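The residues making up each chain are set out below.
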Amino acid sequence: MKVLSIQSAVAYGHVGNSAAVFPLQRIGVEVLPVYTVTFSNHTGYGAWRGPLISPADVADVITGIEERGVLGEIDVVLSGYQGGEGIADVIIDAVARVKKANPDAVYACDPVMGNAKSGCFVAPAIPELLRERVIPVADIITPNQFELGFLTGTEPGSIESTLESADLARARGPRTVLVTSVERPDRVPDTIEMMVVDDAGAWIVQTPLIPMKANGSGDVTAALFTAHYRRSGDAADALARTASSVFDLLSNTYEAGSRELLLVESQEAYAHPRLQFPVRQVR
């Protein structure tokens, strides 16, 4: 499998491509990383250095890949945090070029906008751009519950309302919706869930809630789920593998007291997930 991953990169720590690439490689996926920024560290520190890469330069890198004649070999285009408005056009164009070269390729979009605790933390134009232009061309989206609500103009909370919101999102184009950070009022205390919905049904998995903020964990989640799902076509299996791997990654990081993900140290969790959490079909 080959994945064209258009995301940010940092020298220190693990977010964007600096979070997504290694787990994908560890499960045997060839990754073509295209960077949208090259920062010293993620912006959660409040200070960072390094350049935003202009949309024209990002597009130029993709054109160079195209000139090598390999777009037809790409199975997945993956995108995450979009720092500026112009990157969306580059991604949409890249998806069109890849799908022209390989009609079986899919586009997986992690529509990063914010979360329930922090609210939106992207540029004001980005959420509308994602909703109106990017989401309709995606095959797979991986929003958290907050982002799903914004994309659909709803307030998902229960399993039923989250399913309804996912169906509204699917009606806009993507056939598969992975909802991360599902926090329904009637769940077991100190747990968190993920739900996936596709044409075959809907499934949910529950894990213990690890009390930490982990920058980059969503990027790992989107990457692993997309790769597993693209390989097997089995949403429940992809959900089980992803939940297991990400839980162990976060658990290792929390137990070590690390602010940055222990991405390399947790590599066995990607290669050989323990599958310790049952997946339940809810539709």
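Everything discussed here concerns the structure shown above.
Residues numbered from 1 in each chain as written. Predicted model: local features only at pLDDT ≥ 70, side-chain atom pairs only at ≥ 80, totals over all residues. Heavy atoms only, no water.

*Asks:* Sorry if this is basic, but what is going on with the overall build of the protein chain here?
*Replies:* Counting its regular elements, the protein chain contains nine helices and eleven strands. In terms of C-alpha radius of gyration, the protein chain reaches 17 Å, essentially the compact-globule figure of 19 Å for 283 residues. Each principal axis of the C-alpha distribution contributes one length, and for the protein chain these read about 50 × 40 × 35 Å. Looking at the protein chain as a whole, 54% of its 283 residues qualify as buried. The protein chain carries 23 positive and 34 negative side-chain charges, and their two centres are separated by 1 Å. (Helix = DSSP H or I, 4+ residues; strand = E, 2+ residues; numbered from the N terminus. Rg over C-alpha atoms; globule rule 2.2 N^0.38 Å. Buried < 20%, exposed > 50% of the residue type's maximum accessible area, 1.4 Å probe, protein only. Lys, Arg positive; Asp, Glu negative; His and termini not counted. Charge placed at Lys NZ, Arg CZ, Asp CG, Glu CD.)

*Asks:* Can you walk me through the pairing of strand E8 (residues 176-182) in this structure?
*Replies:* Successive side chains on a regular strand alternate, one facing one side of the sheet and the next facing the other. Of all seven residues in E8, six are buried; the element is thus mostly enclosed. Note that strand E7 (residues 140-141) and E8 share two bridges and pair parallel. From the neighbouring strand, isoleucine 141 faces E8, where its bridge partner is valine 177. Relative to strand E9 (residues 191-198), E8 runs antiparallel, the two being bridged by four bridges. Paired with valine 179 across the bridge in E9 is methionine 195. (Pairing = 2+ DSSP bridges.)

*Asks:* Which parts of the structure should I look at to understand the packing of aromatic side chains?
*Replies:* Two aromatic rings, taken as a pair, are described by how far apart their centres are and by the angle between their planes. Enumeration over the complete set of coordinates arrives at five aromatic pairs. Plain terms: the ring middles of phenylalanine 39 and tryptophan 48 are 5.9 Å apart, the flat faces sit at 40° to each other, and that makes the pair tilted. For the pair phenylalanine 225 and tyrosine 229, a centre-to-centre distance of 5.4 Å together with 15° between the ring planes defines the contact as stacked. Linking phenylalanine 225 with tyrosine 229, this pair stays in helix H7 (residues 217-232), spanning four residues, or about one helical turn. (Phe/Tyr/Trp six-rings, centres within 6.5 Å; stacked < 30°, edge-to-face > 60°.)

*Asks:* So what exactly am I meant to see when it comes to helix H8 (residues 235-256) here?
*Replies:* Each α-helix turn comprises 3.6 residues. Residues three or four places apart therefore point the same way. With 22 residues, H8 ought to run about 32 Å at 1.5 Å a step, and its terminal C-alpha atoms sit 32 Å apart, in line with that. In terms of burial, H8 is largely enclosed, as 16 of its 22 residues are buried. Its side-chain oxygen placed 3.1 Å from the backbone nitrogen of alanine 236, aspartate 234 serves as the N-cap of H8. Glycine 257, located one to two residues past H8, shows a positive phi value of around 70°. (Expected span 1.5 Å × (residues − 1). Polar contact = N/O pair within 3.5 Å; in protein donor to acceptor, adjacent residues only side chain to side chain.)

*Asks:* Any chance you could explain the pattern of salt bridges here in plain terms?
*Replies:* If charged atoms from side chains of opposite charge come close, those side chains can pair. Across all of its chains, the model carries 18 salt bridges by this definition. We note a salt bridge from arginine 170 to aspartate 199, for which the minimum N-O separation is 2.4 Å. With arginine 170 in helix H6 (residues 159-170) and aspartate 199 in the loop between E9 and strand E10 (201-208), this pair connects stretches of sequence that are 29 residues apart. Given the relative accessible area of 9%, arginine 170 is considered buried. Note that aspartate 199 and arginine 175 form a salt bridge whose closest N and O atoms lie 2.8 Å from each other. Of this pair, aspartate 199 sits in the loop between E9 and E10 while arginine 175 sits in the loop between H6 and E8; the two residues are 24 residues apart in sequence, bridging distant segments of the chain. Residue classification places arginine 175 among the partly exposed positions, given a relative accessible area of 38%. Each of Asp167, Arg170, Arg175, Asp199 and Arg283 takes part in one network of salt bridges that share partners. (Salt bridge = Lys/Arg side-chain N within 4 Å of Asp/Glu carboxyl O.)

*Asks:* Any chance you could explain the packing of helix H1 (residues 17-26) against H7 here in plain terms?
*Replies:* Remark: H1 packs on H7, axes separated minimally by 8 Å, with the N-to-C direction vectors making an angle of 35°. Pair H1 / H7 crosses with right-handed handedness. Between H1 and H7, the contacting residues are Ala19, Ala20, Pro23 and Leu24 on the first element and Asp219, Val220, Ala223, Leu224 and Ala227 on the second. In the contact of H1 with H7, the residues fall into eight nonpolar, no polar and one charged. (Axes fitted to C-alpha atoms, helices over the stretch in contact; angles between N-to-C directions. Left-handed = near helix turned anticlockwise from the far one by under 90°. Contact = heavy atoms within 4.5 Å. Nonpolar A, V, L, I, M, F, W, Y, C, P; charged D, E, K, R; others polar.)

*Asks:* Can you help me understand the sheet that holds strand E2 (residues 30-39) in this one?
*Replies:* To summarise the sheet geometry, strands pair through backbone hydrogen bonds and adopt either a parallel or an antiparallel arrangement. Spatially, E2-E1-E3-E4-E7-E8-E9-E10-E11 is the arrangement adopted by the nine strands of the open sheet, whose pairing is mixed. Edge positions in the sheet fall to E2 and strand E11 (279-281), since each of these pairs with one other strand and no more. With eight bridges joining them, strand E1 (residues 2-10) and E2 adopt parallel strand pairing. The partner of serine 5 across the bridge, within E2, is proline 33.

*Asks:* Would you explain the nonpolar core in this entry?
*Replies:* Buried together is how nonpolar side chains tend to be arranged in soluble globular proteins. Formed by 42 residues in total, the largest nonpolar core has its most connected members in Leu4, Ile6, Tyr107, Cys109, Ile141 and Met195. In terms of residue count, the dominant contributor to this core is helix H3 (residues 85-101) (eight residues). With residues up to four places along the chain from it excluded, the contact list for leucine 4 reads Leu32, Val34, Ile65, Ile74, Val76, Val77, Leu78 and Val98. Membership of the second largest hydrophobic core comes to 40 residues, among which are Trp203, Tyr229, Leu261 and Leu263. (Core = buried A, V, L, I, M, F, W, Y, C linked by side-chain atoms within 4.5 Å.)

*Asks:* I'm lost on the side chain of aspartate 219 in this one. Help?
*Replies:* Note on placement: aspartate 219 falls in helix H7. The buried charged residue aspartate 219 lacks any salt bridge, with lysine 213 as its nearest oppositely charged partner at 12 Å. Of the polar contacts made by the side chain of aspartate 219, one reaches the backbone nitrogen of glycine 16; its length is 2.8 Å. With near-sequence residues (within four places) excluded, aspartate 219 lies in contact with Gln7, Val15, Gly16, Ala19, Ala20 and Asp110.

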